[in-house]
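Structure assessment
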Amino acid sequence: MNSFSTFTLLLLLLLPILASCHEKQVYIVYFGGHNGERALHEIEENHHSYLLSVKESEEDARSSLIYSYKHSINGFAALLTPQEASKLSELEEVVSVYKSEPRKYSLHTTRSWEFSGVEESVAPNSLRKDDLLLKARYGKDVIIGVLDSGLWPESKSFSDEGMGPIPKSWKGICQSGDAFNSSNCNKKIIGARYYIKGYEHYYGPLNRTLDYRSPRDKDGHGTHTSSTAGGKMVPNVSSIGGFASGTASGGAPLARLAMYKVCWAIPREGKEDGNTCFDEDMLAAMDDAIADGVDVISISIGTKEPQPFDQDSIAIGALHAMKKNIVVACSAGNSGPAPSTLSNTAPWIITVGASSVDRTFLSPVVLGNGKKFMGQTVTPYKLKKKMYPLVYAGEVINSNVTKDLAGQCLPGSLLPKKAKGKIVFCLRGNGTRVGKGGEVKKAGGIGYILGNSKANGAELAADAHLLPATAVDYKSAMQILNYINSTKSPVAYIVPGKTVLHSKPAPYMASFTSRGPSAVAPDILKPDITAPGLNILAAWSGGSSPTKLDIDDRVVEYNIISGTSMSCPHVGGAAALLKAIHPTWSSAAIRSALITSAGLTNNVGKQITDASGKPADPFQFGGGHFRPSKASDPGLVYDASYQDYLLFLCASGVKDLDKSFKCPKKSHSPRDLNYPSLAIPHLNGTVTVSRRLTNVGAPKSVYFASAKPPLGFSVEISPPVLSFKHVDSKRTFTITVKARSDMMDSIPKDQYVFGWYSWNDGIHNVRSPMAVKLA
């Protein structure tokens, strides 16, 4: 037999084996919760027995298991063929079987082309009210768990100076690995773990030059979010170039932190394009975090596409956390301004949008015709004070660049001989903001102006670029382009950036923040709240540069970045303060306190707007901009129990998320959940819902109802007066919403309209947003 025939025969023999290997993928098999009767080794054996029922050998069953979830979450992640997964899904005791999708989850920073931009905000201590911090003892001994990309333990934000012994309730560990051992934990960082089995199963062994195989952060994101939630107060810090100087502080500066590293660099892709976090790794982390004894979990991670609750690992893990009274805060996502883009829509999660604060980094562009356009930057580099030749990127490109991408300064698109020594004007769109500046630098450009696209509007990006640079809004960008096109020798100068406080109006909503209505549960109004997510200064990893670009070798201790990733830990920190003041409150009570006390006005006394100045609505900001000091004394709360959420799931068609709970025969509506807001997606005639309030204010109090109905609708609240005899007493009321026959013509078709209803006792104003759309 010749060698070719031998090879062919061998290939034919191997094909079925190769095919079966290829077919196998990681699936999560979810049973619900544990009832606490079994030992950990018995649980794992039980999971093995399920695998053995679909596998051919004991060895195959054992080697296919990736994680066995043994604490609160009952389930396992294993390597299965679609047929094996289907077989398991048919078993009565199995709640759901779903495939782990690579790239399904990613960190919520605005660094990708989808929406990479922003305007400025005050350091994380913007939420600080001295009386609140004192009342909460700075979050002392509350434990915040963070699922992210790891942390940089040497950061001053994680110093444990002056902190007392680790709380006795803590049961977690400090896991060793690359450049990280138990000495990297202290009385501030009390726990650190990493989860990589799902990632390595898909991508193969971790490339150790890309990331540390340990809780250490080589990205920056995890260091940033954890220091925002619970970093110590560190005076005299600033970003590179001295921007945003002042005291950096987490929301709860004396809280303890535990890092669960679940997100990793993607092989053969730039770090600036983001990383990935696998279902099975996150579920393992949440199962551990619950068992370790955390009080709050902050998760700045989400999906590009909304996921059904029984296939969403964050939602499943958060439900188990809520059962143990752990508050879970998650980012809404950065896929705005399109509607129905938000992730993390489960009602047992606090879903956080992103808005600005009152600080800008002004860096104007002066053109040769004398016109001046305000821009923003946090680049540390300056031009000599003179005019420089100005050129549009579309005029200095290689011949192979297509017309639609011509002005976007994408990798390898610029011709050095035409760009050298000039200020290059680039447009936003594809590619990252900092990456475009990197291309200008590579091509020999002396400066860089980044012009917003129409979608970005007036929201401005402030980045630590690699050369003198500034970013301008859409209107300015179009005028600069007109100047270049109508001038024989256009010139410009970029004025060095400076930090300006008390800018107005603020806050406003970031255009990248993902919007409601919820695609998964339209009867729940999401997001819940907004918090600072625009140009936030916080701690950074020494293993990453401020831009994360390959060509950037700068190292910084603090960095300014943007995204709902940054707003989520603000609410995580605020929840820790509320936990410290009210240790017996449920996670639903804490969410209610935050939503009903949130602010609707900016610092010029008008309603919060979007980045372009148009009025924003509850599908962008939920209850409004968070006000933690008001939330500490909300007067009344809308409470909800684990059983209430199961009834909500029954009403939403998810029958078996907890097998021990039988859905009632008479079906409820999902909007019957006792939530601090109201969404009616298909109003046909009249809708009446009931809500239950719990008094957490003065023992004897009387509250009066008021409403601002959505345009064209009437809202009736009954009874209109509620009296509470003591703390913890509960009262029920109904809200009846109907379209007004005399205003049918003024109600927009296929569009939501918004309103509010409130309870007021003269001290507290317990306000809830509502969104209504006709059927």
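The model shown is predicted, which means the values in this text are computed figures rather than measured ones.

Before going further, it helps to spend a moment on the overall build of the protein. Per the secondary structure count, the protein includes 17 helices and 38 strands. A compact globule built from 775 residues should have a C-alpha radius of gyration of about 28 Å, and the protein, at 27 Å, falls within 12% of that. Each of the three principal axes of the protein carries a C-alpha extent, and together these read 90 × 75 × 60 Å. Out of the 775 residues belonging to the protein, those deemed buried represent 61%. Within the protein, counting contacts between residues at least 6 apart in sequence, those at least 24 apart form 77% of the total. Averaging the coordinates of the 84 positive side-chain charges in the protein and doing the same for the 69 negative ones gives two points 8 Å apart.

For the bond from Lys504 to Pro505, the omega torsion is -10 degrees, close enough to zero to count as cis. Positionally, Pro505 belongs in the loop between β26 (498-501) and β27 (529-532). With an omega dihedral of 0 degrees, the bond running from Lys526 to Pro527 counts as a cis peptide bond. Positionally, Pro527 belongs in the loop between β26 and β27. Here Asp141, not a glycine, exhibits a phi torsion of approximately 70 degrees, which is positive.

In total, this model carries 22 aromatic pairs according to the counting rule given. Plain terms: the ring middles of Phe31 and Tyr50 are 4.8 Å apart, the flat faces sit at 45 degrees to each other, and that makes the pair tilted. Taken together, the positions of Phe31 in strand β1 (residues 25-33) and Tyr50 in helix α2 (residues 40-54) put the pair 19 residues apart, joining distant regions of the chain. With a centroid separation of 6.2 Å and an interplanar angle of 90 degrees, the aromatic rings of Tyr199 and Phe278 are classed as edge-to-face. You can see Tyr199 sitting in helix α6 (residues 197-203) and its partner Phe278 sitting in the loop between β12 (275-277) and α8 (279-292), a full 79 residues away along the chain. For Phe278, a relative accessible area of 2% corresponds to the buried category. Put simply, the rings of Tyr194, Tyr199, Tyr202, Tyr203, Trp264 and Phe278 touch in pairs and so form one group of aromatic residues. Lying over the aromatic face of Tyr212, Lys218 brings its terminal NZ or CZ to 4.8 Å of the ring centre. Taking the ring centre of Trp756 as reference, the NZ or CZ of Arg767 above it sits at 5.5 Å.

A few words now on the UniProt feature "domain: Subtilisin-like protease fibronectin type-III" (unreviewed entry) in the protein. Feature annotation in UniProt places "domain: Subtilisin-like protease fibronectin type-III" (unreviewed entry) on residues 672-772, given in this structure's numbering. The distance from the first to the last C-alpha atom of residues 672-772 is 15 Å, and the span holds 0% helix and 59% strand.

This paragraph deals with a nonpolar patch on the surface. A cluster of nonpolar residues, Val702, Phe704 and Val721, forms a patch on the protein surface that exposes about 250 Å² of accessible area. Locating Val721 in the fold gives a position in strand β35 (residues 721-724). Using a relative accessible area of 37% as the deciding quantity, one classes Val721 as partly exposed.

Quick notes on the rules
- Residues numbered from 1 in each chain as written.
- Predicted model: local features only at pLDDT ≥ 70, side-chain atom pairs only at ≥ 80, totals over all residues.
- Heavy atoms only, no water.
- Helix = DSSP H or I, 4+ residues; strand = E, 2+ residues; numbered from the N terminus.
- Rg over C-alpha atoms; globule rule 2.2 N^0.38 Å.
- Buried < 20%, exposed > 50% of the residue type's maximum accessible area, 1.4 Å probe, protein only.
- Contact = heavy atoms within 4.5 Å.
- Lys, Arg positive; Asp, Glu negative; His and termini not counted.
- Charge placed at Lys NZ, Arg CZ, Asp CG, Glu CD.
- Phe/Tyr/Trp six-rings, centres within 6.5 Å; stacked < 30°, edge-to-face > 60°.
- Lys NZ or Arg CZ within 6 Å of the ring centre and 35° of its normal.
- UniProt positions renumbered as here; feature names shortened; annotations may be inferred.
- Patch = residues over 30% accessible without salt bridge, like charges linked within 9 Å, V, L, I, M, F, W, Y side chains within 5 Å.
- Areas by Shrake-Rupley, 256 points an atom, 1.4 Å probe, with all protein chains shown as cover.
- Salt bridge = Lys/Arg side-chain N within 4 Å of Asp/Glu carboxyl O.

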